[in-house]
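If you want the building blocks of each chain, they are given just below.
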Amino acid sequence: MNWLHLAQEVVEGKIISDYEASSILNCDDDELLLLLNGAFHIRKHYYGKKVKLNMIINAKSGYCPEDCGYCSQSSISTAEIEKYPFISKEEILEGAKRAFDNKVGTYCIVASGRGPTRKDVNVVSEAVEEIKEKYGLKVCACLGLLKDEQAAQLKQSGVDRYNHNLNTSERNHSYITTSHSYDDRVNTVEIAKKHGISPCSGAIIGMKETKEDVIEIARALHQLDADSIPVNFLHAINGTKLEGVQELNPRYCLKVLALFRYINPTKEIRISGGREVNLGSMQPLGLYAANSIFLGNYLTTEGQKANQDHKMLEDLGFEIELMPKQEEVFSS
């Protein structure tokens, strides 16, 4: 396969075939750099050498009634994690300052649970109004299944983006969770879109899915028209249903990132949870396909130190994409 030729066809509007998609995931390791060169050709066309930084604050930890097999916060998990109710507006604002100071452009307010209460939405809305005024960051909320009136309130407060991952293919969904449906997840993303909130939705790779499932979820996200696509790689946590599952290696993870770029050429592809564990020393290569990463810790697992990520981007010769108020501070 001539990967650079295929990449140019994608830039010109081609939708790759299932055969081509399968060829990406089954690419010989000896061709991996050629495949990534093609992915970078697409990425550079739309995003240049800029990288978007995202940071999470875990606004509510544990106490979730859902039975998601990958999650340490689920009702069926016995993982030893810190549990606490929804944090205060002041704590959310402190997290926003940390994000600003670390050159993070998108601040993600995440909470466990099936969906937010009225009080939760009020706290987030009040915090977002102040974040916009003080720091000018892009704000992404991830609060579970969403209702119309909640989406309208979040939009009015200034929430830019709403994350609700599809996680896996429709076929594989019931293996991962039974307490909500695949359609429930799609519906939440559609509600966010209806209210003018940018949709963020992605996948978790390594949950005993087939390569056909990976292609299906990449295409589903294309059809959903998600603006931002976080690609997580399973970090199996002791005490969860998927404890001990380790199906991934760094080379396959890079092929997955390339697949998502070839199928979703214009979208923000973010290397997300499990990056450090599954890509290891090959993390920098992932940014030849992806154009975004999470900085710092995840929900209940630790990430790489911020200064290490900044150094990685500097060594790559890539540029952090700053928000206007950060430009004023860091470009002077």
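### Details of the overall build of the chain
Right, so step 1: Looking only at helices and strands, one finds 14 helices and ten strands in the chain.
Right, so step 2: Its C-alpha atoms give the chain a radius of gyration of 19 Å, within 12% of the compact-globule value 20 Å for 332 residues.
Right, so step 3: In terms of principal-axis extent, the alpha carbons of the chain reach across some 55 × 50 × 35 Å.
Right, so step 4: Scored against the burial criterion, the 332 residues of the chain give a buried share of 58%.
Right, so step 5: Pairs at least 24 residues apart make up 76% of the contacts formed inside the chain by residues separated by at least 6 positions.
Right, so step 6: By element, 48% of the accessible surface of the chain is carried by carbon and sulfur atoms, the whole surface being about 14,100 Å².

### Topic: the packing of aromatic side chains
Right, so step 1: Per the stated rule, a full pass over the model turns up five aromatic pairs.
Right, so step 2: Plain terms: the ring middles of Phe 40 and Phe 318 are 6.3 Å apart, the flat faces sit at 5° to each other, and that makes the pair stacked. Taken as a pair, Phe 40 in helix 3 (residues 32–47) and Phe 318 in the loop between helix 13 (306–316) and strand 10 (319–320) lie far apart in primary sequence, 278 residues in all. Phe 318 carries the same exposure label as Phe 40, and that label is buried.
Right, so step 3: For the ring pair Phe 100 and Tyr 135, a centre distance of 5.7 Å and an interplane angle of 45° mean the geometry is tilted. Note that Phe 100 is positioned in helix 4 (residues 89–101) and Tyr 135 in the loop between helix 5 (118–134) and strand 3 (138–142), a separation of 35 residues in sequence. The two residues Phe 100 and Tyr 135 agree in class, both being buried.
Right, so step 4: Here the aromatic residues Phe 40, Tyr 288 and Phe 318 are joined through ring pairs into a cluster of three or more.
Right, so step 5: One residue, Lys 83, lies across the ring of Tyr 63, its end atom 5.9 Å from the ring centre.
Right, so step 6: Above the plane of the ring of Tyr 175 lies Lys 241, whose end atom (NZ or CZ) is 4.4 Å from the centre.

### Examining the side chain of Asp 309
Right, so step 1: Relative to the assigned elements, Asp 309 resides in helix 13.
Right, so step 2: Apart from residues no more than four positions distant in its own chain, Asp 309 is found in contact with Arg 275, Ile 293, Phe 294, Leu 295, Gly 296 and Gln 304.

### Re the environment of Glu 80
Right, so step 1: Within the secondary structure, Glu 80 sits in the loop between strand 1 (50–60) and helix 4.
Right, so step 2: Overall, Glu 80 belongs to the exposed group, its relative accessible area being 82%.

### Digging into the pattern of salt bridges
Right, so step 1: Tallying each qualifying case throughout the model produces 20 salt bridges.
Right, so step 2: Between Lys 134 and Glu 130 there is a salt bridge, with its nearest N and O atoms 3.8 Å apart. Here Lys 134 and its partner Glu 130 are both found in helix 5, four residues apart, which amounts to about one turn of the helix.
Right, so step 3: Judged by relative accessible area, Lys 134 falls into the partly exposed class, the value being 48%.
Right, so step 4: Since its relative accessible area comes to 25%, Glu 130 is described here as partly exposed.
Right, so step 5: For Asp 148, the salt bridge goes to Lys 194, with nearest N and O atoms at 2.7 Å. Of this pair, Asp 148 sits in helix 6 (residues 148–157) while Lys 194 is found in helix 8 (residues 182–194), placing the two residues 46 residues apart along the sequence.

Cut-offs used in this document
- Residues numbered from 1 in each chain as written.
- Predicted model: local features only at pLDDT ≥ 70, side-chain atom pairs only at ≥ 80, totals over all residues.
- Heavy atoms only, no water.
- Helix = DSSP H or I, 4+ residues; strand = E, 2+ residues; numbered from the N terminus.
- Rg over C-alpha atoms; globule rule 2.2 N^0.38 Å.
- Buried < 20%, exposed > 50% of the residue type's maximum accessible area, 1.4 Å probe, protein only.
- Contact = heavy atoms within 4.5 Å.
- Areas by Shrake-Rupley, 256 points an atom, 1.4 Å probe, with all protein chains shown as cover.
- Phe/Tyr/Trp six-rings, centres within 6.5 Å; stacked < 30°, edge-to-face > 60°.
- Lys NZ or Arg CZ within 6 Å of the ring centre and 35° of its normal.
- Salt bridge = Lys/Arg side-chain N within 4 Å of Asp/Glu carboxyl O.

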